[in-house]
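Structure at a glance
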Number of protein chains: 2
Amino acid sequence: MESAATVQPLNHQLSFLFPTKLIRTKASPCRWPSKPATSHSTRLYCQKMYVPGFGEASPEAKAAKNLHNFFTYIAVRIVAAQLQSYNPEAYEELMEFLGRHSLNDGDKFCANLMRESSRHKGLALRILEVRTAYCKNDFEWDNLKRLSSKMVTEANTKLMRDYVLETSHAESEK
Amino acid sequence: MESAATVQPLNHQLSFLFPTKLIRTKASPCRWPSKPATSHSTRLYCQKMYVPGFGEASPEAKAAKNLHNFFTYIAVRIVAAQLQSYNPEAYEELMEFLGRHSLNDGDKFCANLMRESSRHKGLALRILEVRTAYCKNDFEWDNLKRLSSKMVTEANTKLMRDYVLETSHAESEK
């Protein structure tokens, strides 16, 4: 936060007053300056907005951590669907284990699954393989970017439209 | 899940028995067949693993929804850091509102913020702008992909190494 305090461009205030068009905060410092830079050089080389509170990590690292757990969840679903058809016993074992352990922390889940029994260890190793393959081959990263972009545009439009409809309705009732 | 039941390739069983090398499930059907395809044509054109349970949506859409809320969270932090330096009053108002409302659902948070007061509406519009700009310009998508890939490889190695260390230690104690 102290970095944000060093630069106070006037256009922040303008963008606050006229928020229909965002004025980019060119003066905001980088998250990771490659060397101790003066305020002037930061101003020259970094075009990104300052994101506080991530310390040594980055928003990308935090998002990757979340996706990591998501991929484990997907891998468990893939393996379960495959087992269901040809190995009902293993499927039942996996489901029973799922009922007892949370999938919120994917790595912890896999570590516990490995230590349950030798059969569970086989399942855990397979889940590890599937999540790697899914992350590296199957997951559509371009699609994720496209969908996120679309979602943010549509959500903003919806929020503003709903607000305008609501307020104009309220005013017309007066 | 019914789609998984239609194909039972032998290599699933092989990959279960020898899970050190994943055998790709070429026979698994696509998530979104562009037309009602026969089992044969699906087998020909889709190389991806079948992911059950996402219905009309996709894992990418679910991940995008999560990222959407994450971007709102980031935008709130960015705006708060900017306000803190030049507009302490607005900063206090935003912080006070944050204390009363959850940021888990970003859109709901913005909708509530818009309806709080006209000053809060200005803040909300600014948050909407910042999250769009962050998503489309600042967020490093390539970095996310790289970090996720690295994370899944490292986590798998760590899980297997920890397991081997633990079991070999236990055996050497006998």
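This text goes with the structure placed above it.
Notes on the structure in this doc start here. Being a predicted model, the structure only gives us computed values, none of them experimental. (Residues numbered from 1 in each chain as written. Chains lettered and ligands numbered in written order. Predicted model: local features only at pLDDT ≥ 70, side-chain atom pairs only at ≥ 80, totals over all residues. Heavy atoms only, no water.)

Bringing the interface of chain B and chain A into the picture now. With 85 residues of chain B at the interface, the matching set in chain A holds 85 residues. Carbon and sulfur atoms supply 67% of the area that chain B and chain A bury against each other, a total of about 8,000 Å² over both sides. Linking chain B with chain A are four salt bridges, by the criterion used here. Between A:E166 and B:R115 there is a salt bridge, and its shortest N-O distance comes to 2.9 Å. Linking chain B with chain A are 20 residue pairs in polar contact (both at pLDDT 80 or more). Elements with a minimum of two residues in the side of chain B that touches chain A: helix 1 (2–6), helix 2 (10–17), helix 4 (59–86), helix 6 (106–114), helix 7 (118–138) and helix 8 (141–173) of chain B. Considering every element that reaches the side of chain B that touches chain A, the biggest residue donor is helix 4 of chain B, with 20 residues. Across the side of chain B that touches chain A, the residue classes tally to 45 nonpolar, 20 polar and 20 charged. (Contact = heavy atoms within 4.5 Å. Buried area = accessible area lost by both parts, 1.4 Å probe. Salt bridge = Lys/Arg side-chain N within 4 Å of Asp/Glu carboxyl O. Polar contact = N/O pair within 3.5 Å; in protein donor to acceptor, adjacent residues only side chain to side chain. Helix = DSSP H or I, 4+ residues; strand = E, 2+ residues; numbered from the N terminus. Nonpolar A, V, L, I, M, F, W, Y, C, P; charged D, E, K, R; others polar.)

Inspection of the secondary structure puts A:N156 in helix 8 (residues 141–173). Here A:N156 is in contact with B:L128, B:R131 and B:T132, once residues within four sequence places are set aside.

Before going further, it helps to spend a moment on the relation of the copies chain B and chain A. The two copies are related by a screw motion: chain B maps onto chain A through a turn of 180° and a shift of 0.0 Å along the axis, at an RMSD of 0.1 Å. These values place the two chain copies in the arrangement generated by a two-fold rotation axis. The overlap is high: 99% of the interface residues of chain B also sit at the interface in chain A, so the same surface is used on both sides. (Least-squares fit on C-alpha atoms with pLDDT ≥ 70 in both.)

In this section: the packing of helix 5 (residues 88–100) of chain B against helix 7 of chain B. Residue and element names in this part refer to chain B. Relative orientation of the contacting elements helix 5 and helix 7 amounts to 80°, with a least axis distance of 11 Å. In terms of orientation, helix 5 lies roughly perpendicular with respect to helix 7. Of the residues in helix 7, those in contact with A90, E93, L94 and F97 of helix 5 are R119, H120, L123 and I127. Looking at the contact of helix 5 with helix 7, its residues break down into five nonpolar, one polar and two charged. (Axes fitted to C-alpha atoms, helices over the stretch in contact; angles between N-to-C directions. Parallel < 35°, antiparallel > 145°, perpendicular 65-115°, else oblique.)

Let's shift gears to the packing of aromatic side chains. Considering all chains together, one arrives at 16 aromatic pairs over all chains under this definition. Here A:F70 and A:Y73 contribute two aromatic rings whose centre-to-centre distance is 6.2 Å and whose plane-to-plane angle is 20°, an arrangement assigned as stacked. You can see A:F70 and its partner A:Y73 sitting in helix 4 (residues 59–86), three residues apart, about one turn around the helix. Look at A:F70 and you get buried, because its relative accessible area is 10%. The interplanar angle of 70° and the centroid separation of 5.0 Å between the aromatic rings of B:F71 and B:F139 together place this pair among those described as edge-to-face. Here B:F139 lies in the loop between helix 7 and helix 8 and B:F71 lies in helix 4, a separation of 68 residues in the sequence. Of the two residues, B:F71 and B:F139, neither departs from the other in class, the shared state being buried. The structure contains a cluster of three or more aromatic residues connected by ring pairs, namely A:F70, A:F71, A:Y73, A:Y134, A:F139 and A:W141. (Phe/Tyr/Trp six-rings, centres within 6.5 Å; stacked < 30°, edge-to-face > 60°. Buried < 20%, exposed > 50% of the residue type's maximum accessible area, 1.4 Å probe, protein only.)

Right, let's get into helix 4 of chain A. Counted at 1.5 Å a residue, the expected span for helix 4 of chain A with its 28 residues is 40 Å, and the 41 Å between its end C-alpha atoms agrees. The element helix 4 of chain A is largely enclosed, with a buried count of 20 among its 28 residues. (Expected span 1.5 Å × (residues − 1).)

All names here are of chain B. Of all the nine residues making up helix 6, seven are buried; the element is thus mostly covered by neighbouring parts of the structure. Within helix 6, burial applies to G106, D107, F109, C110, A111, L113 and M114. Taking the backbone nitrogen of D107 as reference, a side-chain oxygen 3.2 Å away marks D105 as the first, capping residue of helix 6.

Just geometry here; none of it tells us what the structure is for.
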